[in-house]
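Below are the chains, spelled out letter by letter.
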Amino acid sequence: PVEVSYEDSLLQAILGSTAITKKTALQIPTVASAIDLISGIVASTPIKLYRLNESKVEEVPNDYRLSLLNDDTGDTLNAHDFWKAIITDYYLGKGGYAYINKPKAKVVSLHYVEEEKIIIQKNIDPIFKDYEILINGQAYKPYDFIKILRNSKDGASGTGITTEHSKVLEVAYESLIFEGNIVKKGGNKKGF
């Protein structure tokens, strides 16, 4: 009988199963560079506000909210880093979430919230859908947040590429691990 070690790189790549998370997906160079490129483009594109005036659409030039969206969010993140984080969560998580801080009906600041910290508590009605957003046990209403969601079916959370394309990302990640193990061991075994 021949004993097969699970430490064998090829066997580990074939049989091993790795859960693809945001962290593991960002270790794949193609994914990391694509997310960085897209989020960089979005983060550096200025956001403008428009309003409908009778039947004509016109730009709103001097609105205080433009500063929050383009310059200083009022959070520890500047607007560029804020949008990069939101877009990364949009593609690799359940969506990008930002808390709208408006103590007296005027928006004071926008606060990025990591999508891993968000828990969606939905009702069971398939027609009149409703939900709350829970963060550290505190319940918030949907209108308290800016939500940027990918392929959402409920308006509360989206589907990231780590869920939608998990097998492709898993194969790419495992191939990366396999190649790394070959390099560590000084190349392929004889007869490989």
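Residues numbered from 1 in each chain as written. Predicted model: local features only at pLDDT ≥ 70, side-chain atom pairs only at ≥ 80, totals over all residues. Heavy atoms only, no water.

(A) Local environment of the packing of aromatic side chains. Taken as a whole and judged by the stated rule, the model has 5 aromatic pairs. A ring pair is formed by Phe82 and Trp83, whose centres lie 5.0 Å apart and whose planes are at 85 degrees; its orientation type is edge-to-face. Residue classification places Phe82 among the buried positions, given a relative accessible area of 0%. Ring-pair connections join several aromatic residues into one group, and the members of that group are Tyr99, Tyr140 and Phe145. (Phe/Tyr/Trp six-rings, centres within 6.5 Å; stacked < 30°, edge-to-face > 60°. Buried < 20%, exposed > 50% of the residue type's maximum accessible area, 1.4 Å probe, protein only.)

(B) The nonpolar core, seen in detail. Core analysis: the biggest nonpolar cluster contains 15 residues, and Phe82, Trp83, Ile86 and Leu110 have the highest contact counts within it. Those elements that place two or more of their residues in this core are helix H4 (64-70), helix H5 (79-92), strand E3 (96-101) and strand E4 (109-113). Take this core: its biggest share by element is 4 residues, from H5. When sequence neighbours within four positions are dropped, the list of residues in contact with Phe82 reads Thr73, Leu77, Ala98, Leu110, His111 and Tyr112. Counting 9 residues, the second largest nonpolar core, distinct from the first, contains Val31, Leu92, Ile161 and Leu169. (Core = buried A, V, L, I, M, F, W, Y, C linked by side-chain atoms within 4.5 Å. Helix = DSSP H or I, 4+ residues; strand = E, 2+ residues; numbered from the N terminus. Contact = heavy atoms within 4.5 Å.)

(C) Broad picture of the packing of helix H3 (residues 29-44) against H5. Running from N to C, H3 and H5 point in directions that differ by 135 degrees, and their axes come no closer than 8 Å. Here H3 lies oblique to H5, going by the angle between them. Crossing of H3 against H5: the hand is right-handed. In this structure, H3 contributes Val31, Ile35, Asp36, Ile38, Ser39, Gly40, Val42, Ala43 and Ser44 to the contact, and H5 contributes His80, Trp83, Lys84, Ile87, Thr88, Tyr91 and Leu92. Looking at the contact of H3 with H5, its residues break down into 9 nonpolar, 5 polar and 2 charged. (Axes fitted to C-alpha atoms, helices over the stretch in contact; angles between N-to-C directions. Parallel < 35°, antiparallel > 145°, perpendicular 65-115°, else oblique. Left-handed = near helix turned anticlockwise from the far one by under 90°. Nonpolar A, V, L, I, M, F, W, Y, C, P; charged D, E, K, R; others polar.)

(D) Highlighting a nonpolar patch on the surface. On the surface, Leu37, Ile38, Ile41 and Val42 cluster together into a nonpolar patch covering about 320 Å² of accessible area. Within the secondary structure layout, Leu37 lies in helix H3. By relative accessible area, Leu37 is classed as exposed at 55%. (Patch = residues over 30% accessible without salt bridge, like charges linked within 9 Å, V, L, I, M, F, W, Y side chains within 5 Å. Areas by Shrake-Rupley, 256 points an atom, 1.4 Å probe, with all protein chains shown as cover. Salt bridge = Lys/Arg side-chain N within 4 Å of Asp/Glu carboxyl O.)

(E) Inspection of helix H7 (residues 166-184) at higher detail. Look at H7: 27 Å from first C-alpha to last across 19 residues, which is about the 27 Å you get at 1.5 Å a residue. Residues Leu169, Glu170, Tyr173, Glu174, Phe178, Asn181 and Ile182 constitute the buried set of H7. Just downstream of H7, Gly186 is the residue with a positive phi angle, here 80 degrees. (Expected span 1.5 Å × (residues − 1).)

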